[in-house]
Amino acid sequence: MDAILSDIHGNLAALEAVLEDIGRQKVDRIISLGDVVGYGPRPVECLKLVMDRCAFSLLGNHEYAVLRGPEGFNPIAVEAINWTKRQITDPGQLFYLSGLKAAKLEGNLLYVHGSAEDPLMEYVREAEDHAQFVKFVQDLQRDFQRFDLCFTGHNHRAFLGTTDAFIFPHPAWSKFHVKDKKLYICVGSVGQPRDDDPRSSYATFDGDVVEYHRVAYDIDRTAREIKAAGLHPFLAERLYLGQ
Ligand code: ZN
């Protein structure tokens, strides 16, 4: 069984809680879909843990920003990226970052940070009306030729995007059979969830069943670390709201 996580964003308290939760299950591999850094106060420690513990990690738009400069970021995110760049000075970590890829294909499974069409930058978004849903299904049918399942992060929200509907997990309904279907599996975010649930999100997958997990962590600790680092207070406030 694999554990798939994304968007850790330098939130060490969240990552440690998630790794502890994963440790209680029969997980063979941990996979990271990118954005290990950015926004959060402990990028170096998070990178170290990902390098030690994950089978592989992908290039997220925040890693890309550290390497090449921010694109399409708001001022708070730009400030955080510039701060993050100053923290990552270890040549081994910089070398690791420079070798990351935005997508990985494994059999009938694609792993990306963003979308199948644009693995680095594009958001998989829930449709807000019928026209958007029709477009989502058309895009999915166009892009999912060489694979059936696509694990993704970037949107910081936990849901399945299928050709029938968008499916949102909750505690009583968190396991889904996905074999022989074509769908997006959005795993949510470890370090900065934006689906109104402040708990860290990740998924496990055994080749047939995807299970969603939420893990409470010490948000106060991360908020203190954000303050101590001199990062924008909004980056702490949003963690409490899950936004
Ligand atoms: Zn992200």
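If you're wondering where the values come from, they're calculated on a predicted model, not measured in any experiment.

Enquirer: Just checking my understanding: could you explain empty space enclosed by the protein for this structure?
Expert: In this approach a probe as big as a water molecule rolls over the atoms, and the regions it shows empty are the leftover space. Tallied over the entire structure, the rule returns 1 cavity of 30 Å³ or more. For the largest cavity, the calculated volume is near 50 Å³. Elements with a contribution of two residues or more to the lining of the largest cavity: helix H7 (219-229) and helix H8 (234-241). Counted by class, the lining of the largest cavity contains 5 nonpolar, 6 polar and no charged residues.

Enquirer: Sorry, what's going on with the nonpolar core here?
Expert: Soluble globular proteins tend to pack their nonpolar side chains together in the buried interior. The biggest cluster of nonpolar side chains holds 44 residues, and the ones touching the most others in it are Leu5, Ile8, Val18, Ile22, Val36, Tyr202 and Tyr217. Those elements giving two or more residues to this core turn out to be strand S1 (2-5), helix H1 (12-23), helix H2 (43-53), helix H3 (61-68), helix H4 (75-87), H7 and H8. The biggest single contributor to this core is H1, with 8 residues. Setting aside its immediate chain neighbours within four residues, isoleucine 8 contacts Leu15, Gly34, Asp35, Val36, Cys46, Val50, Val190 and Gly191. By size, the runner-up hydrophobic cluster in this structure holds 21 residues, among which are Ile31, Leu109, Leu160 and Phe205.

Enquirer: Got a minute to help me understand the pattern of salt bridges in this structure?
Expert: Oppositely charged side chains can form a pair if their charged atoms are brought close together. Summed over the entire model, instances satisfying the criterion amount to 18 salt bridges. For the salt bridge of aspartate 148 with lysine 182, the shortest nitrogen-to-oxygen distance reads 2.9 Å. In this pair, aspartate 148 sits in the loop between helix H6 (130-143) and strand S6 (149-152) while lysine 182 sits in the loop between strand S9 (175-177) and strand S10 (183-187), placing the two residues 34 residues apart along the sequence. With relative accessibility at 21%, the residue aspartate 148 sits in the partly exposed group. By relative accessible area, which is 32% here, lysine 182 ends up partly exposed. Aspartate 197 is the salt-bridge partner of arginine 214, the closest N and O atoms lying 3.6 Å from each other. Here the residue arginine 214 occupies a position in strand S12 (residues 209-215), and aspartate 197 occupies one in the loop between S10 and strand S11 (200-205), the gap between them amounting to 17 residues. Overlapping salt bridges, with partners in common, bring together Glu16, Arg42, Glu45, Arg221 and Glu225 in one network.

Enquirer: I tried to follow the sheet that holds strand S7 (residues 158-162) on my own but got confused; where do I start?
Expert: To summarise the sheet geometry, strands pair through backbone hydrogen bonds and adopt either a parallel or an antiparallel arrangement. On the basis of which strands lie adjacent, the open sheet formed by 6 strands has the order S4-S5-S6-S10-S7-S8 and mixed pairing. Lying at the two open borders of the sheet, with one neighbouring strand each, are strand S4 (103-106) and strand S8 (166-167). With 2 bridges connecting them, S7 and S8 associate as antiparallel partners. Residue pairing across strands places leucine 160 opposite isoleucine 167, the latter belonging to S8. Across the sheet, H6 lies against S7, S8 and S10, angled at about 75 degrees from S7, the strand it touches most.

About the thresholds
- Residues numbered from 1 in each chain as written.
- Predicted model: local features only at pLDDT ≥ 70, side-chain atom pairs only at ≥ 80, totals over all residues.
- Heavy atoms only, no water.
- 1 Å grid on protein atoms, 1.4 Å probe; cavity = no way out; pocket = protein on both sides within 12 Å on 5 of 7 lines; lining within 4 Å.
- Points joined across faces, edges and corners; volume = space filled by probe spheres on them.
- Helix = DSSP H or I, 4+ residues; strand = E, 2+ residues; numbered from the N terminus.
- Nonpolar A, V, L, I, M, F, W, Y, C, P; charged D, E, K, R; others polar.
- Core = buried A, V, L, I, M, F, W, Y, C linked by side-chain atoms within 4.5 Å.
- Buried < 20%, exposed > 50% of the residue type's maximum accessible area, 1.4 Å probe, protein only.
- Contact = heavy atoms within 4.5 Å.
- Salt bridge = Lys/Arg side-chain N within 4 Å of Asp/Glu carboxyl O.
- Pairing = 2+ DSSP bridges.
- Axes fitted to C-alpha atoms, helices over the stretch in contact; angles between N-to-C directions.

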